[in-house]
Amino acid sequence: MAMLAVLLPLLMLGVVLLLGRYEELLLPQDDADRREPAGVTPAAATATSSHAPAGTPASSP
């Protein structure tokens, strides 16, 4: 019974990882959709972002 308690989470983790790999093979995504345009620098990308900088307190609604 103790072996089942040890092996079951590891088996479940393996299944989840395998399903993730299977999904990547089944539904490939283009890398162009995930990348920023070549002319945009990281500083310019964060300056035009609508998100507040890290460490800034959230504004009240």
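Refer to the structure above for everything that follows.
Residues numbered from 1 in each chain as written. Predicted model: local features only at pLDDT ≥ 70, side-chain atom pairs only at ≥ 80, totals over all residues. Heavy atoms only, no water.

**Let's talk about the overall build of the chain**
- A count of helices and strands for the chain gives three helices and zero strands.
- The linear arrangement of helices and strands in the chain, starting from the amino end, is α-α-α.
- Buried positions account for 0% of the 61 residues belonging to the chain.
- As presented, the chain carries roughly 6100 Å² of accessible surface, and 68% of it is formed by carbon and sulfur atoms. (Helix = DSSP H or I, 4+ residues; strand = E, 2+ residues; numbered from the N terminus. Buried < 20%, exposed > 50% of the residue type's maximum accessible area, 1.4 Å probe, protein only. Areas by Shrake-Rupley, 256 points an atom, 1.4 Å probe, with all protein chains shown as cover.)

**Some remarks on a nonpolar patch on the surface**
- Among the surface-exposed residues, M3, V6, L7, L10 and L11 lie close enough to one another that they form a single nonpolar patch of about 520 Å² accessible area.
- Mapped onto the secondary structure, V6 falls in helix 1 (residues 2-26). (Patch = residues over 30% accessible without salt bridge, like charges linked within 9 Å, V, L, I, M, F, W, Y side chains within 5 Å. Salt bridge = Lys/Arg side-chain N within 4 Å of Asp/Glu carboxyl O.)

**A word on helix 1**
- The terminal C-alpha atoms of helix 1 lie 37 Å apart, and with 25 residues this matches the ideal 36 Å at 1.5 Å per residue to within 8%.
- Burial runs low along helix 1: only zero of the 25 residues are buried. (Expected span 1.5 Å × (residues − 1).)

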